[in-house]
Amino acid sequence: MVSYFIADLHLSDKRLDIVKAFVRFLQEQAIHADALYILGDLFDVWVGDDIKNQTSNIVATELKQLTDSGVCCYFIYGNRDFLLGSSFLKRCGMQRIQDQTIINLYGRKTMLLHGDILCTLDENYQKFRKTVHKKWLQWLFLHLPKSIRFHIAAKMRTKSQADNSQKADSIMDVTPDEVVKKFQQYQLDWMIHGHTHRPAIHSFPHSTQQRIVLGDWYEQRSILCVSECGIELQGDKL
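Worth saying up front: this structure is predicted, and the values here are computed from it rather than measured.

Conventions and cut-offs
- Residues numbered from 1 in each chain as written.
- Predicted model: local features only at pLDDT ≥ 70, side-chain atom pairs only at ≥ 80, totals over all residues.
- Heavy atoms only, no water.
- Helix = DSSP H or I, 4+ residues; strand = E, 2+ residues; numbered from the N terminus.
- Buried < 20%, exposed > 50% of the residue type's maximum accessible area, 1.4 Å probe, protein only.
- Pairing = 2+ DSSP bridges.
- Axes fitted to C-alpha atoms, helices over the stretch in contact; angles between N-to-C directions.
- Contact = heavy atoms within 4.5 Å.
- Core = buried A, V, L, I, M, F, W, Y, C linked by side-chain atoms within 4.5 Å.
- Patch = residues over 30% accessible without salt bridge, like charges linked within 9 Å, V, L, I, M, F, W, Y side chains within 5 Å.
- Areas by Shrake-Rupley, 256 points an atom, 1.4 Å probe, with all protein chains shown as cover.
- Salt bridge = Lys/Arg side-chain N within 4 Å of Asp/Glu carboxyl O.
- Expected span 1.5 Å × (residues − 1).
- Lys, Arg positive; Asp, Glu negative; His and termini not counted.
- Polar contact = N/O pair within 3.5 Å; in protein donor to acceptor, adjacent residues only side chain to side chain.

Asker: So what exactly am I meant to see when it comes to unusual backbone geometry here?
Answerer: The phi torsion of most residues other than glycine is negative, and most of the peptide bonds are trans. Look at Asp 41: it is not a glycine, yet its phi comes out positive at around 55°. Inspection of the secondary structure puts Asp 41 in the loop between strand S2 (35–38) and helix H2 (54–68). Taking relative accessible area as the criterion, Asp 41 reaches 1% and is therefore assigned buried. A positive phi angle is found at His 206, which is not glycine, with a value near 55°.

Here is the structure:
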């Protein structure tokens, strides 16, 4: 019995090497799992299920083969693909679960989330996040012409990169007090998330509690393997 966790692949037609690595992972490893959890930012950008490209078609085909084989696949949206909708989920056979979902992971009470909600010191981003998650605004955006959606997404990404270049590392990372708050509030054993691109297993002093951070897939495949025997954060080059 084994479950896999991944995040921050940022798949796109511009990085087909990452797409190929993802397909290889599905065919060689995930196919033997109990479940696969994708914790956000599977795609580099997502501006609507009605937009199809080489990458989205490959991903949909490969994930559908995986789920049809009996492997459960769960998806939490990230800050890049929060507009991914039910139509694409159905094409993949994936099930959406909410951010901050709590599961029993081989006897461990575990919270799953993308991770951006933990970065509370980045107040401007949190305000932005709250705005773009308004349902009426998402509906309006998704009914714009495709070219306009891509233009808006590109401008937002450029602004985000410029803003992030001016931020301190402490602001870009999770807020320690927020992490402790979640562990205490929900009496967690483990927390698993991505977003920060800083893969690590953080242990709490004098405790078995752990926070596992998934890495991105820019230069290596970051995969968390969890079984009854324990956890292993894998990272091999693409």
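So, next bit.
Asker: Looking at this structure, how should I read the sheet that holds strand S10 (residues 220–227)?
Answerer: Pairing between sheet strands relies on hydrogen bonds along the backbone, with the strands arranged either parallel or antiparallel. One open sheet accounts for six strands, arranged S4-S3-S2-S1-S10-S11; its pairing is mixed. The open sheet has two edge strands, strand S4 (95–96) and strand S11 (230–237), and neither has a second partner. By the bridge criterion, eight bridges tie S10 to S11 in an arrangement that is antiparallel. When the sheet's bridge partners are listed, Arg 221 is paired in S11 with Asp 236.

Asker: Quick question: what am I supposed to make of the sheet that holds strand S6 (residues 108–112) here?
Answerer: The sheet built from five strands is open, its strands ordered S5-S6-S7-S9-S8 with mixed pairing. The open sheet has two edge strands, strand S5 (101–105) and strand S8 (200–203), and neither has a second partner. With strand direction ignored, the average angle separating the axes of adjacent strands in the sheet is 20°. Relative to strand S9 (residues 210–213), S8 is paired through four bridges, and the arrangement is antiparallel. Pairing of Ile 201 across the sheet is with Ile 212, part of S9.

Asker: What exactly am I supposed to notice about the side chain of Ser 56 here?
Answerer: Structurally, Ser 56 can be placed in helix H2. When residues no more than four places from it in sequence are discounted, the contact partners of Ser 56 are Phe 43, Trp 46, Ile 51, Phe 88 and Arg 91.

Asker: Is there a simple way to think about the nonpolar core in this case?
Answerer: Most often, soluble globular proteins keep nonpolar side chains buried together rather than apart. Counting residues in each nonpolar core, the largest one holds 41 residues, and the members touching the most others are Phe 22, Phe 25, Leu 36, Leu 42 and Leu 63. The set of elements that each furnish at least two residues to this core consists of strand S1 (2–6), helix H1 (16–28), S2, H2, strand S3 (72–75), helix H3 (86–92) and S10. With six residues, H1 is the largest single contributor of residues to this core. Not counting residues up to four positions away in its chain, the partners in contact with Phe 25 are Tyr 4, Ile 6, Ala 30, Leu 36, Trp 217, Arg 221 and Ile 223. Judged by nonpolar contacts, the second largest core, of 17 residues, contains Phe 5, Ile 97, Leu 105 and Trp 190.

Asker: What is the right way to look at a nonpolar patch on the surface in this model?
Answerer: Together, Trp 136, Trp 139 and Leu 140 make up a nonpolar patch on the protein surface, roughly 400 Å² of accessible area in all. For Trp 136, a relative accessible area of 57% translates into the label exposed.

Asker: Quick question: what am I supposed to make of the pattern of salt bridges here?
Answerer: Once their charged atoms are close, side chains differing in charge can pair, the charge on each being opposite to the other. This structure, assessed with the given rule, holds eleven salt bridges. Arg 198 serves as the salt-bridge partner of Asp 173, at 3.0 Å between the closest nitrogen and oxygen. Separated by 25 residues along the polypeptide, Asp 173 in the loop between helix H7 (169–172) and helix H8 (176–186) and Arg 198 in the loop between strand S7 (190–193) and S8 bring together distant segments of the chain. For Arg 198, a relative accessible area of 32% puts it in the partly exposed group.

Asker: How should I be thinking about H2 in this particular structure?
Answerer: In an α-helix, one turn spans 3.6 residues, which is why side chains three or four residues apart end up on the same side. Here H2 spans 21 Å end to end across 15 residues, near enough to the 21 Å set by a 1.5 Å rise per residue. The complete set of buried residues in H2 reads Thr 55, Ser 56, Val 59, Ala 60, Glu 62, Leu 63, Leu 66 and Thr 67. As for H2, its buried residues are in contact with H1, S2, S3 and H3. Positive phi shows up at Gly 70, right after H2, with a value of about 115°.

Asker: In this structure, what is going on with the side chain of Asp 216? I would like to understand it.
Answerer: By the secondary structure assignment, Asp 216 is in the loop between S9 and S10. Of the side chains with opposite charge, Arg 15 lies nearest to the buried Asp 216, which makes no salt bridge, at 7.9 Å. For Asp 216, the side chain forms a polar contact with the side chain of His 197, separated by 3.2 Å. A polar contact is formed between the side chain of Asp 216 and the backbone nitrogen of Tyr 218, at a distance of 2.9 Å. Look past the residues within four positions of Asp 216 in its chain and what remains in contact with it is Ala 7, Asp 8, His 197 and Ser 222.

Without other data, these values stay purely geometric and don't point to any function.
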